[in-house]
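Remarks on the overall topology
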Amino acid sequence: MKLSRGYYLDEDVVAIARDLIGKTLVTNFEEGITAGIITETEAYAGIHDRASHAWGGRRTKRTEVMFGEGGIAYVYLCYGIHSLFNIVTGLENIPNAVLIRGINAIRGIEIMRNRFAGNLPLNGRINGPGRVSRALAINTGHNGTNLTGNNIWLENNANPQIQLKVTSHCRIGIDYAGEDAFLPYRFLLNG
DNA sequence: CTGTAGATCGTCT
DNA sequence: GACGATCTACAGA
């Protein structure tokens, strides 16, 4: 079942980041449907989170979508190469978002393999936010896409037992965030 | 297996 | 004009 708009309106972005583990992320573009079970996430929590692009209330053309109401995609270019896919959550004017860092491919695996020129790991484990976007063909053009539409959406068909296997950790690649780099806002399946 | 350099461009200073 | 919520290839041990 597709997650509804209401799911994304929860004000606790950290709780959502944890809850998203085990959910299915789906895209449907020209080549067909591709999907994977989310195995790794990170929460970015509002203007007081130094690791967030919206830290200190920085509201620019790039971060504008983060200030929107929950249920839309925030996609931005990293290191000039990688499109990183985030899910905006919570209320309007409060910039909360969840970065998707890893999935297990479960549908359209051959399509994904082609997107990696045949280099997709055979076991279907896709870790790293850049590779997740590449596998699902998400790019910066999808910034602001509604996640209850027909191109990108999430499904709640996961095994509830998965929630018992979620572990929390420090976030990655944000050494500039000072104390906030140690917040346990990163969630993993199976440790 | 570990470490590191290079890629590459939009965004912000 | 510098740098980043990264990935890959390749060198060396």
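Below is a short write-up of the structure. (Residues numbered from 1 in each chain as written. Chains lettered and ligands numbered in written order. Predicted model: local features only at pLDDT ≥ 70, side-chain atom pairs only at ≥ 80, totals over all residues. Heavy atoms only, no water.)

**Regarding the overall build of chain A**
The secondary structure content of chain A amounts to three helices and nine strands. Counted from the first residue to the last, chain A has its helices and strands arranged as α-β-β-β-β-β-α-β-α-β-β-β. The C-alpha atoms of chain A give 15 Å as radius of gyration, which agrees with the globular expectation for 191 residues (16 Å, within 12%). Based on the C-alpha atoms only, the size of chain A along its principal axes is roughly 45 × 35 × 35 Å. Counting across all 191 residues of chain A, residues that qualify as buried make up 51%. (Helix = DSSP H or I, 4+ residues; strand = E, 2+ residues; numbered from the N terminus. Rg over C-alpha atoms; globule rule 2.2 N^0.38 Å. Buried < 20%, exposed > 50% of the residue type's maximum accessible area, 1.4 Å probe, protein only.)

**Here's the deal with the protein's contact with DNA strand B**
Every residue lining DNA strand B is accounted for by Arg 58, Thr 60, Arg 62, Leu 77, Tyr 79, Gly 80 and Ile 81. A share of 67% of the atoms of DNA strand B within 4 Å of the protein falls on sugar and phosphate groups. In this structure, a sugar or linking oxygen belonging to DNA strand B sits 3.5 Å away from a side-chain N or O atom of Arg 62. In this structure, a base oxygen belonging to DNA strand B sits 2.6 Å away from a main-chain N or O atom of Tyr 79. Residue composition of the surface near DNA strand B, by class: three nonpolar, two polar and two charged. (Near = heavy atom within 4 Å. Polar contact = N/O pair within 3.5 Å; in protein donor to acceptor, adjacent residues only side chain to side chain. Nonpolar A, V, L, I, M, F, W, Y, C, P; charged D, E, K, R; others polar.)

**What about the state of the cysteines?**
The tally for this structure, following the rule as stated, stands at zero disulfides. Its sulfur unpaired, Cys 78 is 19 Å from the next cysteine sulfur, which belongs to Cys 170. (Disulfide = S-S within 2.5 Å.)

**A word on the nonpolar core**
For soluble globular proteins, nonpolar side chains are generally found buried alongside one another. Counting residues in hydrophobic clusters, the biggest one holds 36 residues, and the most contacted among them are Leu 25, Phe 85, Ile 87, Ile 100, Ile 126 and Leu 154. Ignoring anything within four residues of it in the chain, the contact list for Leu 154 reads Met 1, Lys 2, Leu 3, Tyr 8, Leu 20, Thr 24, Leu 25, Ile 38, Ile 87 and Leu 147. The next biggest cluster of nonpolar side chains, apart from the first, holds 17 residues, and it includes Ala 51, Val 65, Leu 84 and Ala 181. (Core = buried A, V, L, I, M, F, W, Y, C linked by side-chain atoms within 4.5 Å. Contact = heavy atoms within 4.5 Å.)

**Re the protein's contact with DNA strand C**
The immediate surroundings of DNA strand C are formed by 19 residues, with Tyr 79, His 82, Asn 86, Arg 131 and Tyr 176 found nearest. Note that a base nitrogen of DNA strand C is positioned 2.5 Å from one of the side-chain N or O atoms of Asn 86. The backbone of Gly 130 places a nitrogen or oxygen atom 3.0 Å from a phosphate oxygen of DNA strand C. Secondary-structure elements contributing two or more residues to the surface near DNA strand C are strand E4 (82–89), strand E5 (96–107) and helix H3 (129–136). A per-class count over the surface near DNA strand C returns ten nonpolar, seven polar and two charged.

**Looking at the pattern of salt bridges**
For the structure on display, the rule yields nine salt bridges. Here Glu 110 and Arg 113 are joined by a salt bridge, their closest N and O atoms 3.3 Å apart. Of this pair, Glu 110 and Arg 113 are both found in helix H2 (residues 109–115), three residues apart, which corresponds to roughly one turn of the helix. Salt bridges here are not isolated pairs; linked through shared partners, they connect Glu 40, Glu 42, Arg 101 and Arg 186. (Salt bridge = Lys/Arg side-chain N within 4 Å of Asp/Glu carboxyl O.)

**Section: the environment of Ser 168**
With respect to the helices, strands and loops of the structure, Ser 168 is situated in strand E8 (residues 166–169). Between the C-alpha atom of Ser 168 and that of Pro 184, which follows or precedes it by 16 residues, the distance is 5.6 Å.

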